[in-house]
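Here is how the chains run, residue by residue.
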Amino acid sequence: MNLAEQAFHDLFPEKEIPQCTIKYSAAFRGYNANVKYAYDHSRIHFRLSKEWKSVSDDIAIGLLQSLMVKVFKVKKRTVQMELYEKFLKNLSTYSKVEKSDPLLEQSFHRVIQEYFHNFMDKPNLVWGSDSFRKLGSYEYATDTIVISTLFKQETELLDYIMYHELLHKKLKFESKNGRQVHHSPEFKAMERKFKNKNIEKDLDTFLRKQKFKSLFRFW
């Protein structure tokens, strides 16, 4: 019985174990992973970053089970899943901070001075692409904030995205009904403390204008 089969058996002891396979890939950064499966759930294939090879079996099983509850859309929670979540939340403590863009660093210092009393360890700060879909993200596994290059010339909007991602760093996530909740009521309450109360409208207006401009790039 491989690790994925063990994870399935522990999560669904009453079910017949499907074909479960695991592949470790160098294509993922940090401790990322994904899952693909047949429509009838007869085959489930997991791809894990190579870093998972050195993690204890119990924690890795927790990761696999966290992916399984999404696949099967069930509300279940195991000790291994709790271990995995604790592991994930603490990863940023041990991550190396080696990347920092000057413009993003200026935004970081403005935000922590205004909203965090200057008390926040600096994460890795990098630009992403000029994405409209993914404006920003916080990667727990590498302690990295990535922000769309759309905001390079937009100081207040940049600070808002930075604030949002730093809230993810501060609050991590909660677990509810077998899934991770990243935008909890506490998160949303803190997000509303941003000084410009119209910032979401300003953000929507800016993005609409940028999308309109992008239509003419290929004409």
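In case you missed it, the structure is sitting above this.
Residues numbered from 1 in each chain as written. Predicted model: local features only at pLDDT ≥ 70, side-chain atom pairs only at ≥ 80, totals over all residues. Heavy atoms only, no water.

Engineer: Explain the sheet that holds strand β1 (residues 19-25) to me, using residue names and the numbers behind them.
Structural biologist: With mixed pairing, three strands are arranged side by side in an open sheet as β1-β3-β2. Strands at the two margins of the open sheet, each flanked by one partner only, are β1 and β2 (33-37). Sheet twist, expressed as the average angle between the axes of neighbouring strands with direction ignored, equals 15 degrees. Where helix α1 (residues 3-11) meets the sheet, its contacts fall on β1 and β3 (43-49), and the angle it forms with β1 comes to roughly 130 degrees. (Pairing = 2+ DSSP bridges. Helix = DSSP H or I, 4+ residues; strand = E, 2+ residues; numbered from the N terminus. Axes fitted to C-alpha atoms, helices over the stretch in contact; angles between N-to-C directions. Contact = heavy atoms within 4.5 Å.)

Engineer: Break down the sheet that holds strand β5 (residues 136-139) for me, with residues and values.
Structural biologist: Spatially, β4-β6-β5 is the arrangement adopted by the three strands of the open sheet, whose pairing is mixed. Looking at strand neighbours, the two that pair on one side only are β4 (124-127) and β5, the edges of this open sheet. Looking at each pair of strands side by side, their axes are set apart by 15 degrees on average, direction ignored. Pairing analysis gives four bridges linking β5 to strand β6 (residues 144-147), with the strands arranged antiparallel.

Engineer: Explain the packing of aromatic side chains residue by residue, including any values.
Structural biologist: Tallying each qualifying case throughout the model produces 15 aromatic pairs. Taken together, a centroid distance of 5.5 Å and an interplanar angle of 20 degrees make the contact between Tyr115 and Phe194 stacked. Of the two residues, Tyr115 sits in helix α4 (residues 102-115) while Phe194 sits in the loop between α6 (185-191) and α7 (199-214), which places them 79 residues apart along the sequence. Just as Tyr115 is buried, Phe194 falls in that class too. Taken together, a centroid distance of 5.9 Å and an interplanar angle of 35 degrees make the contact between Tyr163 and Phe194 tilted. Of this pair, Tyr163 sits in helix α5 (residues 155-171) while Phe194 sits in the loop between α6 and α7, and the two are 31 residues apart along the sequence. (Phe/Tyr/Trp six-rings, centres within 6.5 Å; stacked < 30°, edge-to-face > 60°. Buried < 20%, exposed > 50% of the residue type's maximum accessible area, 1.4 Å probe, protein only.)

Engineer: Before we move on, can you summarise the packing of α4 against α5 with the specific residues and values?
Structural biologist: Look at α4 against α5: their axes get within 9 Å of each other, and the N-to-C directions meet at 70 degrees. Considering the angle they form, α4 stands roughly perpendicular to α5. Considering only the axes of α4 and α5, their crossing is right-handed. Seen from α4, the contacting residues are Leu103, Leu104, Ser107, Phe108, Arg110, Val111, Ile112 and Tyr115; seen from α5, they are Thr155, Leu158, Asp159, Met162, Tyr163 and Leu166. Looking at side-chain class alone, the contact of α4 with α5 contains ten nonpolar, two polar and two charged residues. (Parallel < 35°, antiparallel > 145°, perpendicular 65-115°, else oblique. Left-handed = near helix turned anticlockwise from the far one by under 90°. Nonpolar A, V, L, I, M, F, W, Y, C, P; charged D, E, K, R; others polar.)

Engineer: Outline the pattern of salt bridges, listing residues and values.
Structural biologist: On inspection of all chains with the given rule, the structure shows six salt bridges. Residue Arg77 pairs with Glu82 through a salt bridge whose shortest N-O separation is 3.6 Å. Since its relative accessible area comes to 34%, Glu82 is described here as partly exposed. For Lys195, the salt bridge is made with Glu114, and the minimal N-O distance between the two is 2.9 Å. Of this pair, Lys195 sits in the loop between α6 and α7 while Glu114 sits in helix α4; the two residues are 81 residues apart in sequence, bridging distant segments of the chain. Lys195 sits in the exposed class, given a relative accessible area of 59%. Members of the salt-bridge network, linked through shared partners, are Arg77, Glu82 and Glu85. (Salt bridge = Lys/Arg side-chain N within 4 Å of Asp/Glu carboxyl O.)

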